[in-house]
Amino acid sequence: MDGNQSEEEKNGNEKDFYKEFQDLVLDLNLDQATADEAWSNYETLKLRYVMEGCQMYWVACSVYFSCRQRKLPTVGGRPGTTVQGNCISLTRLLHFCNLTMVEFIRKMRLWLKMTHLDSDCVEFVDTLERKFAVSNNIYRKYRPIFLDLFVDPENDVPRPVRSRKQRKPPCNATELYQFSWTLYILVKARYPGITQDLVMSYFLLLSCIDLIYVNVKCMSRTDLLNPTCEGYPKLRENKSAIDVVKLPESIMDYLCRKFEGVVVETKVVRDYYWKPDIRKLVETKLLKGSTNGLCLLECQHFDHNVKEVRNAYEANLLTSGEFDDRMFLTNDKVLGLPDSGASSPVPTAPVTPMPHLPKRGLMLPGDYHLMPQTPLSGRQGALESPCNPGHKRQYSPLAAAATALQRLYSLINGRTTGPSPALASMLARVSPDPMPVIQELLTEMGTRFCKLYCEEAQEAGSTSPAALPKSCSLPESQSSEDSAVQDGGRPLEHCSSTGSIKSSSNYGVSLAFAKMRLKTAQMLFFTFLENIIQDDETKRGIDIN
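What you see is a predicted model, and the numbers here were worked out from it, not measured in a lab.

J.: Is there a simple way to think about the overall build of the chain in this case?
T.: The number of helices and strands found in the chain is 17 helices and two strands. Within the chain, the proportion of its 545 residues that are buried is 46%. When contacts within the chain are restricted to residue pairs at least 6 apart in sequence, long-range pairs at least 24 apart make up 70% of them.

This is the structure we're talking about:
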């Protein structure tokens, strides 16, 4: 009797669980074929393995991978034009299953081991994990930067209800905070190669904040500027008031100086990534404003810009199947991150902690997955490392990366892409002259570097590399801050005739941007060569002849 009763309870639980799965299918608007495949995969693995914990977590993994493996034809049905994935919202899936992003990635790794899927799926999970880690670290930098330049959104006065006939007032700090972040993640999503790069993503964020500052300044919206910011000039008679007349045209130098940025690299990203993309968004009518990125916050433009940026980003989420970076704005519970005081300043409803959090997050702030690698014995010598007893500030991946870049530029400061006079005199004593061999080697390796650089961008969703010239060397001009604009051509070209994120051609990093990296490598090569020869002559007494 007890056996029959337990069997009935088991069947009842299975029916209830299948009904919950059907509710998930309806909530995600899944087609029947994908839903049947996801349930079949779950049932098959359930017979082979013991799946511990909440079963909806495993169903979520099955649904997600079933959707990822499907290809849908695009509108028009032209041959070869398909969309990878089933256009479902990952955020909606996580909310329905009451699953955090951290736990979801952990479950997906176990699912991959059980299903023995191909390496592409494993690589996709690794990419998703790294993008989540990068976005988390970037947002933790965004909040203090915004609050340093602009007024706190928490201090915004609630607006009274207005009729449709009344003119909407100018944007407040809360709307500016949300629009700035959404515009940033939209532009970042257009460059798949950047989304996994912590340093480039951070420099892109600084470019976005600089553009927002310029718009605020041009509109004379001093009510949005933080009067305590050290980067703003103050009036002589009132040190707490901002001198609007003397406000700088760009706040980039101040941002780099205070928030661990590298001026040269940030201006390269601004001129080669950010500005061309904003110009393209304006030209395609996705943004209303001038082609140089101004007038975006005007009352007659702001509502349109907020709506179009949001719609374009949501379209990208459905086609890519990735997590929604806007979750950071509301400290969404599906993030699964510990509360470390870095939540959004925008007022939100109380967040209920979600259960089943792992003891250790995947790539949370402070994790070493994003730290630049040091030599075998140099980990304890890294600046501000926890192993270094002299560190004063909290060690972060961005701080480590910025320090490494600053050291790099200090090494090549004043250098050219050729030998210095001191190195030229050393090599002149050598017979036969080694310079022709060195130059031939540099040309060959430079051509290979540019080719591989562009191919990597192509694999990340970029356009095919352009034809490489016989020589990839750059002019000898060494103005570091102007190097971002001296090189001819358009380094980043991608067209988009609609508001869609993805583009089929002219997309990604071009050869001109690869040449800039090559230029730095050539300067570093001759710097090292000179130091090695000097060290051999002075310390070891070796005659280079």
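J.: Please clarify how helix α5 (residues 101–115) should be interpreted in this entry.
T.: Since the α-helix advances by 3.6 residues per turn, residues separated by three or four positions end up pointing in the same direction. Given a rise of 1.5 Å per residue, 15 residues ought to cover 21 Å, and the 21 Å separating the end C-alpha atoms of α5 matches this to within 8%. Three or more residues of α5 are buried, namely Met 101, Val 102, Glu 103, Phe 104, Ile 105, Lys 107, Met 108, Trp 111, Leu 112 and Met 114. Those residues of α5 hidden inside the fold are in contact with α2 (32–48), α3 (55–68), α4 (90–97) and α6 (119–149). Backbone geometry just downstream of α5 places His 116 in the positive-phi region, at approximately 55°.

J.: Please clarify how the pattern of salt bridges should be interpreted in this entry.
T.: Scanning the entire structure with this criterion turns up 20 salt bridges. Notably, a salt bridge pairs Arg 326 with Glu 314, separated by 3.1 Å at the nearest N-O pair. On the criterion of sequence distance, the pair formed by Arg 326 in the loop between α12 (299–320) and α13 (397–411) and Glu 314 in helix α12 is long-range, its members being twelve residues apart. With a relative accessible area of 18%, Arg 326 lands in the buried category.

J.: Can you help me understand a nonpolar patch on the surface in this one?
T.: Judged by side-chain polarity, Leu 411, Phe 528 and Ile 532 come together as a nonpolar surface patch covering roughly 280 Å² of accessible area. Its place among the elements puts Ile 532 in helix α17 (residues 511–538).

J.: Would you mind going over the packing of α6 against helix α9 (residues 198–218) with me for this structure?
T.: In a packed pair of helices, the relevant descriptors are the angle between the two axes and the axis-to-axis distance. Running from N to C, α6 and α9 point in directions that differ by 25°, and their axes come no closer than 10 Å. It follows from the interaxial angle that α6 and α9 lie roughly parallel. In this structure, the crossing between α6 and α9 has a hand that is right-handed. Counted together, Val 134, Asn 137, Ile 138, Lys 141, Tyr 142, Ile 145 and Leu 149 of α6 and Leu 198, Ser 201, Tyr 202, Leu 205, Leu 206 and Ile 209 of α9 form the full contact between these two elements. Tallied by class, residues from the contact of α6 with α9 come to ten nonpolar, two polar and one charged.

J.: It is not clear to me how unusual backbone geometry should be interpreted in this structure. Could you clarify?
T.: A negative phi angle is the norm for most residues apart from glycine, just as the trans form is the norm for most peptide bonds. In this structure, Pro 432 follows Ser 431 across a cis peptide bond, with omega equal to 0°. Of note, Pro 432 is situated in the loop between α14 (421–428) and α15 (435–459). For Asn 29, which is not glycine, the phi dihedral falls at a positive 60°. Within the secondary structure, Asn 29 sits in the loop between α1 (2–28) and α2.

J.: When you look at the confidence of the model for the chain in this model, what are you seeing that I'm missing?
T.: In low-pLDDT regions, the fine details of the predicted coordinates are not to be read closely. Residues of the chain with pLDDT of at least 70 account for 71%, and the chain-wide mean is 75. Per-element confidence in the chain is highest for helix α7 (residues 173–189), whose mean pLDDT is 93, and lowest for helix α16 (residues 483–486), whose mean pLDDT is 37. Segment residues 340–394 is flagged for pLDDT under 50; beyond a separation of four residues in sequence, or across chains, it makes 109 contacts in the model. Predicted confidence for residues 461–508 stays below pLDDT 50, and this span has 121 contacts to residues more than four positions away or in other chains.

J.: Help me out: how do you make sense of the side chain of Glu 265 in this one?
T.: Among the structural elements, Glu 265 can be located in helix α11 (residues 263–283). Residue contacts for Glu 265: discarding those within four places in its chain leaves Phe 203, Leu 405, Tyr 409 and Arg 517.

J.: When you look at the packing of α2 against α5 in this model, what are you seeing that I'm missing?
T.: The interhelical angle for the contact between α2 and α5, taken along N-to-C directions, is 75°, at an axis separation of 11 Å. Taken together, the axis directions place α2 and α5 in an arrangement best described as roughly perpendicular. Residues Asn 41, Tyr 42 and Leu 45 of α2 lie in contact with α5, whose contacting residues are Trp 111, Met 114 and Thr 115. Classifying every residue of the contact of α2 with α5 gives four nonpolar, two polar and no charged.

J.: I'm lost on the packing of aromatic side chains in this one. Help?
T.: Each aromatic ring pair is described using two quantities: the centre-to-centre distance and the angle formed by the ring planes. Enumeration over the complete set of coordinates arrives at 26 aromatic pairs. Each ring, one from Tyr 213 and one from Tyr 232, has its centre 6.0 Å from the other, and the planes form 15°; the classification is stacked. Taken together, the positions of Tyr 213 in helix α9 and Tyr 232 in the loop between α9 and α10 (252–258) put the pair 19 residues apart, joining distant regions of the chain. Each member of the pair, Tyr 213 together with Tyr 232, is buried. Ring centres of Phe 525 and Phe 526 lie 5.2 Å apart, and the angle between their planes is 75°; this geometry places the pair in the edge-to-face category. Given the relative accessible area of 34%, Phe 525 is considered partly exposed. An aromatic cluster of at least three residues, connected via ring pairs, comprises Phe 132, Tyr 139, Tyr 142, Phe 146, Phe 150, Tyr 177, Trp 181, Tyr 184, Phe 323 and Phe 328.

J.: I tried to follow the nonpolar core on my own but got confused; where do I start?
T.: Looking at soluble globular proteins, one finds that nonpolar side chains tend to be buried together. One finds Phe 150 and Trp 181 to be the most contacted residues of the largest nonpolar core, which totals 124 residues. Of the residues forming this core, the biggest block, 15 residues, is contributed by α9. Discounting residues that sit within four places of it in the chain, Phe 150 has contacts with Leu 176, Ile 209, Ile 212, Tyr 213, Val 216, Leu 224, Leu 225 and Asn 226. One finds Leu 423, Leu 427, Leu 442 and Phe 526 within the second-largest nonpolar core, a separate group that totals eight residues.

J.: Help me out: how do you make sense of α9 in this one?
T.: Between the first and last C-alpha of α9 there are 31 Å, a value that for 21 residues agrees with the 30 Å anticipated at 1.5 Å per step. Burial of α9 is extensive: 20 of the 21 residues sit out of reach of the surface. For α9, the N-terminal cap is Asp 197; the gap from its side-chain oxygen to the backbone nitrogen of Val 199 is 3.1 Å. Of the residues trailing α9, Ser 220 is marked for its positive phi of about 60°.

J.: Would you explain the side chain of Thr 527 in this entry?
T.: Examined against the element boundaries, Thr 527 turns out to sit in helix α17. Taking relative accessible area as the criterion, Thr 527 reaches 2% and is therefore assigned buried. Ignoring any residue separated from it by four or fewer positions in sequence, one finds Thr 527 in contact with Leu 411, Ile 412 and Arg 415.

Quick notes on the rules
Residues numbered from 1 in each chain as written. Predicted model: local features only at pLDDT ≥ 70, side-chain atom pairs only at ≥ 80, totals over all residues. Heavy atoms only, no water. Helix = DSSP H or I, 4+ residues; strand = E, 2+ residues; numbered from the N terminus. Buried < 20%, exposed > 50% of the residue type's maximum accessible area, 1.4 Å probe, protein only. Contact = heavy atoms within 4.5 Å. Expected span 1.5 Å × (residues − 1). Salt bridge = Lys/Arg side-chain N within 4 Å of Asp/Glu carboxyl O. Patch = residues over 30% accessible without salt bridge, like charges linked within 9 Å, V, L, I, M, F, W, Y side chains within 5 Å. Areas by Shrake-Rupley, 256 points an atom, 1.4 Å probe, with all protein chains shown as cover. Axes fitted to C-alpha atoms, helices over the stretch in contact; angles between N-to-C directions. Parallel < 35°, antiparallel > 145°, perpendicular 65-115°, else oblique. Left-handed = near helix turned anticlockwise from the far one by under 90°. Nonpolar A, V, L, I, M, F, W, Y, C, P; charged D, E, K, R; others polar. pLDDT = per-residue confidence, 0-100. Phe/Tyr/Trp six-rings, centres within 6.5 Å; stacked < 30°, edge-to-face > 60°. Core = buried A, V, L, I, M, F, W, Y, C linked by side-chain atoms within 4.5 Å. Polar contact = N/O pair within 3.5 Å; in protein donor to acceptor, adjacent residues only side chain to side chain.

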